[in-house]
Each structure stands twice: as structure tokens, then as C-alpha cells.
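Here is how the chains run, residue by residue.
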Amino acid sequence: MEIFLIAFVLSYTYGVLGISIGYHRGLSHRSFKLPRLLEYFFVMGGYLVFEGGPIFWVASHRLHHRYSDVPGKDPHTPLDGAWHSFLGWMSKPIVKISEDQYRLIVPDLYRDPFYRFLHAGGGNNDGYLCLAINVALRLGILTAFGPWALLGNVLGSVGAFIAPLLVNSICHMPKYGYQNYKTNDLSQNVWFVAIASFGEGWHNNHHKFPQSARHGLRPIEYDFSWSVLSLLKLFGLVQNIRLPRETALQGNEVAVANTVDPVVLARTSKEVSDETLADRYSAELLDEQPAFEDQTLPLKATSEEAAAKHRKSQKDRVVAITKR
Ligand SMILES: [Zn+2]
Ligand SMILES: [Zn+2]
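Sequence positions are assigned chain by chain, starting from 1 and proceeding in written order. Written order decides the labels, with chains lettered from A and ligands numbered from 1. With the structure being a predicted model, the display of local features is reserved for residues of pLDDT at least 70 and the display and counting of side-chain atom pairs for 80 or more, all residues being used for whole-chain, interface and lining totals. In computing side-chain values, all of the structure's heavy atoms are included and hydrogens and water are not.

**Focus on the coordination of the zinc ion (ligand 1)**
Right, on to step 1. Within the protein, His64 (NE2), His172 (NE2), His203 (NE2) and His207 (NE2) serve as the donor atoms for the zinc ion (ligand 1), at 2.0 to 2.1 Å.
Right, on to step 2. Each donor residue of the zinc ion (ligand 1) belongs to the same chain, and together they define the spacing H-x107-H-x30-H-x3-H. Remark: His203 occurs in helix α11 (residues 203–208) and His172 occurs in the loop between α9 (147–169) and α10 (191–196); sequence separation between them is 31 residues.
Right, on to step 3. Taking relative accessible area as the criterion, His172 reaches 1% and is therefore assigned buried. In this listing, donors mean N, O and S atoms no farther than 2.8 Å from the metal, or 3.2 Å for Na, K and Ca; water is missing from the atoms, so a site can look incomplete. The helix and strand labels rest on DSSP assignments: H or I over at least four residues marks a helix, E over at least two residues marks a strand, and numbering proceeds from the N terminus. Any residue under 20% of the maximum accessible area for its type is buried, any over 50% is exposed, and the rest in between are partly exposed; the area is computed with a 1.4 Å probe on protein chains only.

Listed below in C-alpha cells is the structure:
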């Protein structure tokens, strides 16, 4: 029985932190920087609770911020149905993301060979690979620690799998929560979801300040993931933490957490950071297709000629945007 509880608590904690710190605040919003191996450690926490590959998850999430609560465009708004926003968007998606779109939405993840490996070439392959690795892990747990450990792990993992689904659905239903900030969507702060999801349920705050590493912004809004990040900071393991400006927290001004306007950065630097590439989809500064040609992989081209043509059109877009 003891081993059941240990397995349950460890699996739930690792899974929820994996989604919150790994998939969400880390990869989707680039709210901070972790050493590469530690980043992989957190990302695998999400991956090992059946969340699907990081490229799929992050692309869906960036689309969610870009088109929050726009029916037919937001992958999981409750305006397309409560069940749809909970689980239906995964089993029967309304928004389908093509391989070319993935490359445009998450170019920063495409730079990383490990995330490309987990994507497995796209199609449904990333889902199958995720399932196979998850099943193999559970067989390993059964062999090494026995059936009670396996049961604890499975229940803890299912709980961790459900936590972000509650954020997607309940935290966009006004009857369950409250708003600290006026946003152009239905996002809500919901205390019981915040507890279950280690702080992710302060979702109205998050929609107001998507790049902020901290989601619980009022003293009563406890954010466990932020506590973990603060602890890592004490040991010098997390850097470039982005937080809302003090003035933005008081009033209702539009604030981008300590970030640089991507357009300005593109003008001044050839090195476009992961943060900038990530911001493009939540900061709503660029409404056109991304224009950071040098940093993204070329789209699939059937010939060298097509690849050259693609590179030229991307270059033209960079010029057009940076001249604005
Ligand atoms: Zn949301
Ligand atoms: Zn987000």
C-alpha cells in the first residue's frame, strides 16, 4: 500500500509539473530558461502522462492564445461545446494543424532534434510513439516494482492528464471563476483548478500576461509551480525569468512582460531567440506569417528550386515587416 501512495504522489507531481513547467510555461511561452537537460526532464514529465508530443501540445496551445474563444479557430473553446473543450478537441479536433503550420507556429521547437524526434514526422506518428513509450514505461514499472506501484502510477498519471483539461474547459467558463483583468476572452481564475494543476488555474491572469512565469498574482492566489521555479532559482538553475511589470499589475494597461518587441529584435539582431519565436503567437504583434526565415527549417520542398523560391519569399516578408 505504501508503494501505491508513493507511486501515486510521485507520478501526479512529476506529471503536473511536467505540463506546467515543461510544456506550458517553459516551451509554449518561454517564460524562463532552464539548462537543456533540466528542460528535457520537465518536458518528459508531461510526455509520460499521455500528453502527446511537445510540438503538437505547444502548437495547439499557441493557437489557443492567438484565437482565444474564437469558435472554429481556438482548438478547445467551450463555445464549441463543453465536452469538446475538455477532451473532444483531442479525439475529434475541429482545428487541424498541418505539418507546414506546425513549422510556422513552433519554429523554436523544430530547432531541437529531441523534440523533432518525439514528433516522429507528424501525421499521427507522434501520438503512436507517445503511446508506445508510455506503455513501455508502465511495463517497466510493473516488472521492477510490482502491481501496486503500477496502479499508483496509472492513477497519478491519469490525474495529471486531466489537470490541464480542466484548465482548458472550466477556466474558460465564467460561472466557475473570476477575472482580475479584462481580456478579450472568457478566461477565469478558478481556485480548485489552480490547486489541482499547481497554479495553472489562475488562467485569467495567464491570459493577461501569457509570458509571465508566475500565474498566481494576488497574495491568496497560491502557485505551486512558481514556488518550484523560485526554488530552482535559488540554486541558479533557472534564468531569464519573465514577469509582468509592477505598473501593469496595478492597472489594466496592456503589458508585455519584460520582453522585446519581436519586430525591433528582428531589426537589430540576426539571432532571433526562442523567446521571440514563442511570443509571436501570443503577443499578437505580427498578424502575418512568421518572417524569421534564417531560424526556421524550410518547409518541405519538392525540389531545390521550390526551396529557393520559399527562401526568397520568406526574405521578402522579413524586409516588408522590418521596414514598417
Ligand atoms: Zn486559456
Ligand atoms: Zn498559455
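After that view of the structure, there is still more to cover.
**A few points about empty space enclosed by the protein**
Right, on to step 1. Points on a 1 Å grid, built from protein atoms alone, make a cavity when a 1.4 Å probe fits but cannot get out and make a pocket when they are open with protein on both sides within 12 Å along at least 5 of 7 lines; residues with an atom within 4 Å of a point are the lining residues. Grid points are joined across faces, edges and corners, and a volume is the space filled by probe spheres set on the points. Summed over all chains, the structure comprises five cavities of 30 Å³ or more.
Right, on to step 2. Each pocket or cavity is described by its volume, and for the largest cavity that value is around 80 Å³.
Right, on to step 3. Along the walls of the largest cavity sit Glu51, Trp57, Ser60, His61, His76, Trp89, Pro164, Leu165 and Asn168, which together make up its complete lining.
Right, on to step 4. Each residue gets one label: Ala, Val, Leu, Ile, Met, Phe, Trp, Tyr, Cys and Pro are nonpolar, Asp, Glu, Lys and Arg are charged, and the others, such as Gly, are polar. Each residue belonging to the lining of the largest cavity can be placed in one class, and the counts come to four nonpolar, four polar and one charged.
Right, on to step 5. Space inside the second largest cavity adds up to approximately 70 Å³.
Right, on to step 6. Lining the second largest cavity are Ile19, His24, Trp57, His61, Pro164, Val167, Asn168, Glu200 and His203.

**Examining the layout of surface pockets**
Right, on to step 1. Taken as a whole, the largest pocket spans an internal volume of roughly 740 Å³.
Right, on to step 2. Every residue lining the largest pocket is counted, 28 residues in all, and those nearest its centre are Phe56, Met90, Asn124, Asp126 and Gly127.
Right, on to step 3. Looking at the lining of the largest pocket element by element, the count peaks at six residues for helix α8 (residues 125–145).
Right, on to step 4. Across the lining of the largest pocket, the residue classes break down as 14 nonpolar, 10 polar and four charged.

**Here's the deal with the pattern of salt bridges**
If charged atoms from side chains of opposite charge come close, those side chains can pair.
Right, on to step 1. Should a side-chain nitrogen of Lys or Arg be within 4 Å of a carboxyl oxygen of Asp or Glu, the pair is scored as a salt bridge. One pass over the full model with this rule turns up five salt bridges.
Right, on to step 2. Close ionic contact of Asp108 with Arg30 constitutes a salt bridge, the shortest N to O distance being 3.0 Å. A residue pair is termed long-range when its members are at least 10 positions apart, and Asp108 in helix α6 (residues 107–110) and Arg30 in the loop between α1 (2–28) and α2 (36–47) qualify at 78 residues.
Right, on to step 3. Judged by its relative accessible area of 2%, Asp108 falls in the buried class.

**Here's the deal with α8**
Right, on to step 1. Every helix has an expected span of 1.5 Å times one less than the residues it contains. With 21 residues, α8 extends 30 Å from end C-alpha to end C-alpha; this agrees with the ideal 30 Å at 1.5 Å per step.
Right, on to step 2. Burial in α8 covers these residues: Asp126, Cys130, Asn134, Arg138 and Ile141. The buried side chains of α8 occupy one side of the element, clustering within an arc of 105 degrees when seen end-on. Set apart from the buried face of α8 by more than 90 degrees, the exposed residues are Tyr128, Leu139 and Thr143.
Right, on to step 3. Taken together, the buried residues of α8 touch α2, α3 (54–66), α7 (113–119) and α9.
Right, on to step 4. Just downstream of α8 lies Gly146, where phi reads positive at about 95 degrees. The directions from the helix axis to the C-beta atoms form the arc being described. Note on contacts: a residue pair qualifies if any of its non-hydrogen atoms lie within 4.5 Å across the two residues.

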